[in-house]
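Coordinate inspection notes
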Amino acid sequence: MFTSSLWGDLRSSIQEKRVVILWLVLLPILLFSDAAFGHAVAEGDKGYIQEITGVNVLPFIYLGAKHMVTGYDHILFLLGVIFFLYRMKHIGLYVSLFAVGHSTTMLLGVYFNVGINSYIIDTIIGLSVVYKALDNMGAYQRWLGFQPNTKIATLIFGFFHGFGLSTKIIEYNISPDGLVPNLLAFNIGVEIGQLLALGIILIAMSYWRRTESFWRHAYTANAVMMSAGFILMGYQITGYFVS
């Protein structure tokens, strides 16, 4: 009995260390990679967007999917949104709200040439990650005495995520020739990328939730996520004042 208990404690300790190491490895990779500019488009893609004219459906679908899969700010927010969601209907509802918000402001922002300073919008996007992490940690019920509507918050932050992308696209002066079909194709690509990212997140979360370490480290994981959001905010605020 003693040996079995000791072995169980050892396995539990190893699992705990793996979770901590995983988050410590992911955080600097996400925050200090070339993608640290949140919604920045790769230089090669930027040149391509600036040069092409006419309707280019497949290339814009690819660019939209690539942006979503490599957009760590989107992925962190999605992770926060589905962190404690277990039923697919609930996951589908929240992801749809985020997609509606993201798609609406991206399409309308580019079409009507409405942009926001990229440092400001990316700071707000960092705030969305902080907000959702604190929500998962139960902070608002402790601080405010009530739970803010998470559906409305997801939709509103979806609007800001869409503005982040539209602001970058506007800066790259996309050709008005074929603008609407290309934007729709890009948005389809974004949704495809979102589904791919969500699938990977759900597989990883499904595995983690089956282990004893999930509930022990759920709070810590959200604290790390919150820290990532604060770092992104600080990075963008610094960029705003020194640029």
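**Some thoughts on the confidence of the model for the protein chain**
Put simply, the protein chain has an average pLDDT of 84, and 81% of its residues get 70 or more. The weakest mean pLDDT in the protein chain belongs to helix α1 (residues 2-32) at 50; the strongest belongs to helix α6 (residues 118-136) at 96. Of the regions scoring below 50 in pLDDT, residues 28-38 engages in 18 contacts with residues more than four places distant in sequence or in other chains.

**Some remarks on the packing of helix α4 (residues 72-82) against helix α5 (residues 88-111)**
At their nearest, the axes of α4 and α5 sit 10 Å apart, and the two run at 145 degrees to each other. For α4 against α5, the interelement crossing comes out right-handed. Together, His74, Phe77, Leu78, Val81 and Ile82 of α4 and Ile91, Tyr94, Val95, Phe98 and His102 of α5 make up the contact between the two elements. Residue composition of the contact of α4 with α5, grouped by class: eight nonpolar, two polar and no charged.

**Side note on the nonpolar core**
Ile82, Phe83, Phe186 and Met205 are the most contacted members of the largest nonpolar core, which has 53 residues in total. Looking at this core, the elements with two or more residues in it are α3 (57-70), α4, α5, α6, α7 (139-144), α8 (150-171), α9 (179-209) and α10 (213-242). No other element matches the ten residues that α9 contributes to this core.

**A word on unusual backbone geometry**
A positive phi angle, near 55 degrees, is found at Asn113, a position not held by glycine. Turning to its location among the elements, Asn113 is positioned in the loop between α5 and α6. Relative accessible area serves as the criterion here: at 55%, Asn113 is assigned to the exposed category.

**So, the environment of Gly80**
Checked against the element boundaries, Gly80 lands in helix α4. Residues within four places of Gly80 in sequence aside, it is in contact with Lys132, Asn136 and Met225.

**Comments concerning a nonpolar patch on the surface**
Together, Leu108, Tyr111, Phe112, Val114, Val180 and Leu184 give the surface a local cluster of nonpolar side chains, amounting to about 580 Å² of exposed area. Listing elements by their share of the nonpolar patch, those giving two or more residues are α5 and α9. For Leu108, the position within the fold is in helix α5.

Criteria and cut-off values
Residues numbered from 1 in each chain as written. Predicted model: local features only at pLDDT ≥ 70, side-chain atom pairs only at ≥ 80, totals over all residues. Heavy atoms only, no water. pLDDT = per-residue confidence, 0-100. Helix = DSSP H or I, 4+ residues; strand = E, 2+ residues; numbered from the N terminus. Contact = heavy atoms within 4.5 Å. Axes fitted to C-alpha atoms, helices over the stretch in contact; angles between N-to-C directions. Left-handed = near helix turned anticlockwise from the far one by under 90°. Nonpolar A, V, L, I, M, F, W, Y, C, P; charged D, E, K, R; others polar. Core = buried A, V, L, I, M, F, W, Y, C linked by side-chain atoms within 4.5 Å. Buried < 20%, exposed > 50% of the residue type's maximum accessible area, 1.4 Å probe, protein only. Patch = residues over 30% accessible without salt bridge, like charges linked within 9 Å, V, L, I, M, F, W, Y side chains within 5 Å. Areas by Shrake-Rupley, 256 points an atom, 1.4 Å probe, with all protein chains shown as cover. Salt bridge = Lys/Arg side-chain N within 4 Å of Asp/Glu carboxyl O.

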